[in-house]
Amino acid sequence: MTDTSWHTDGRLHHGVGIEDTFIPSERVGQRKLDEYELTQHYHLWREDLRLAAESGATLIRWGSPWYLVEPEEGRFDFRWLDEVMAEMQRLGLHCVLDVMHYGTPLWLANAFLDPRYPELVARYAAAVAQRYPGVVDDVTPLNEPMVNAVWCGRDGRWPPYLTGEDGLVAVLIPLARGMVATQRAVAAVRPDARFVHVDAGFLWEGHGPAGMSVAEGEAWRFLALDLVTGRIGPEHALHGYLVRHGAREEDLDALRRDAVVPDVVGVNYYPEFTTQAVTADGAESPVEAGTAGLVELLGAYHERYGLPLAITETSRATRDVAAKAQWVDDLLDTVDKVRADGVPVTAVFWFPLLDLMDWSYRDGTAPADEYLMPFGLVDLVRGADNVLARVPNAAYDRWRTRIASAG
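Position numbers for residues count from 1 along each chain, tracking the sequence in the order it is written. Only residues with pLDDT of at least 70 are given local features in this predicted model, and only at 80 or more are side-chain atom pairs given and counted; all residues enter the totals for whole chains, interfaces and linings. Note that water and hydrogens are dropped before the side-chain values are worked out from all heavy atoms of the structure.

As recorded in an unreviewed UniProt entry, the chain goes by the name Beta-glucosidase/6-phospho-beta-glucosidase/beta-galactosidase, listed as coming from Cellulomonas hominis.

Here's the deal with the overall build of the chain
Think of it this way: any DSSP run of H or I at least four residues long counts as a helix, any run of E at least two long counts as a strand, and we number them from the N terminus. Each helix and strand counted, the chain has 14 helices and 17 strands in total. Only the C-alpha atoms count toward the radius of gyration. The rule for a globule is 2.2 Å times the residue count to the power 0.38. A globule of 407 residues ought to have a C-alpha radius of gyration of about 22 Å, and the chain, at 20 Å, matches this closely. Seen along its three principal axes, the alpha-carbon backbone of the chain occupies a region of about 50 × 50 × 45 Å. Think of it in three bands: residues with accessible area under 20% of the maximum for their type are buried, residues over 50% are exposed, and the middle band is partly exposed, with areas taken using a 1.4 Å probe on protein chains only. Counting the 407 residues in the chain, one finds 60% classified as buried. In what follows, a contact means two residues having at least one pair of non-hydrogen atoms within 4.5 Å. Pairs at least 24 apart in sequence give 73% of the contacts found in the chain among residues at least 6 apart. Per-residue and other accessible areas were derived by the Shrake-Rupley procedure at a 1.4 Å probe size, with only the shown protein chains allowed to occlude residues. As displayed, the chain offers around 15,100 Å² of accessible surface, 51% of which is attributable to carbon and sulfur atoms.

Here we look at the pattern of salt bridges
For this document, the term salt bridge refers to a Lys or Arg side-chain nitrogen within 4 Å of an Asp or Glu carboxyl oxygen. Applying the stated criterion across every chain, the model contains 31 salt bridges. A salt bridge links Asp137 to Arg190, with the nearest nitrogen and oxygen atoms 2.4 Å apart. With Asp137 in strand S6 (residues 136–140) and Arg190 in the loop between helix H7 (164–189) and strand S7 (194–200), this pair connects stretches of sequence that are 53 residues apart. Under the relative-accessibility criterion, Asp137 is labelled buried at 10%.

Notes on the sheet that holds strand S1 (residues 13–17)
In this analysis, strands are considered paired if DSSP registers two or more bridges between them. The strand order around the closed barrel built from 8 strands is S1-S4-S5-S6-S7-S9-S12-S13, with neighbouring strands paired in parallel fashion. In this sheet, adjacent strand axes meet at a mean angle of 30° when their direction is disregarded. Bridge count for S7 against strand S9 (residues 264–268) is 5 bridges, and the pairing is parallel. The residue bridging Val196 from the neighbouring strand is Val264, located in S9. Note on method: axes are straight lines fitted to C-alpha atoms, helices fitted across the in-contact stretch only, with angles between N-to-C directions ranging 0 to 180 degrees.

Structure below.
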């Protein structure tokens, strides 16, 4: 088991994650998207956890599928979760739990726009955290809130299918309220719990999103955490943007009044697409930014919040295993350098441990394997029996070797 104060003990801790996007709703032209189902994690979870532990990781980012654990409002089914958590404890894996990784249960009318959403997600999180002390001592109230608001609110891809900047703000405010309610509810039943806020890193070239300047885009990147930590008042650079697109002053006042502060700020960074080049007409295209983008992001979050940091997601999606193994070295060497420069990076996670199915699967019609993305330290290879075999690649070996050499 990891040190109970991993975020303050001065050491660098290593983790892996299992991709856990859950969008259970279906409609014409859109399939259910459950990464645990598509990658067969529901059936092969024991092997996946073994591979996580054997990689040298002591931390694992892992999400509980709310829509399955609470299949009906107020009725919890912890049978599978009990088995998984017991195995994590046996293996010495400490779970940084994703309470919300995008999707809500089917019974929650209108998803995040349901006025009860903050209360219900907080109740669920508290029930899970209370059940697994010693394994789940770290909680992420909601993964990547800005990405969530974009896909569900601005781009209309996922429930509640809103569009435009008004839609983004309409989703972002209840997401923030739910994060605050979750942290408070978990802390009430687990005063020892730690909270890891996980943000998608965004870097911009040319222009920012939605017609913003690059400077405004950098402020936009911080919107969710600024809301949760009570930083958005009339003086905030994007206060006018929020109000102009539908945020009510009473909601912003309540978020300032009830503000919470995470113990760790998690930054998600992918070298080949976290940085986006944006043209004057708003078209975005990914830019390879290597380690320089990671250093820039870590510095920005350190300067703004002054909290312990973790790299909660990073990997390189390529079938060139030498390039993937090289990212292991580049990543860990860069973390050593920024730590030496005084940036408090406490943990680094390779995410995902396994390959995943691209989210475009939901909108497509082709067989699942056509959406398989090679992000993992472990390849997924489908056999004649339809089982996705777990095949560790050279990057897995490099990761394990580097962790072992770091002691």
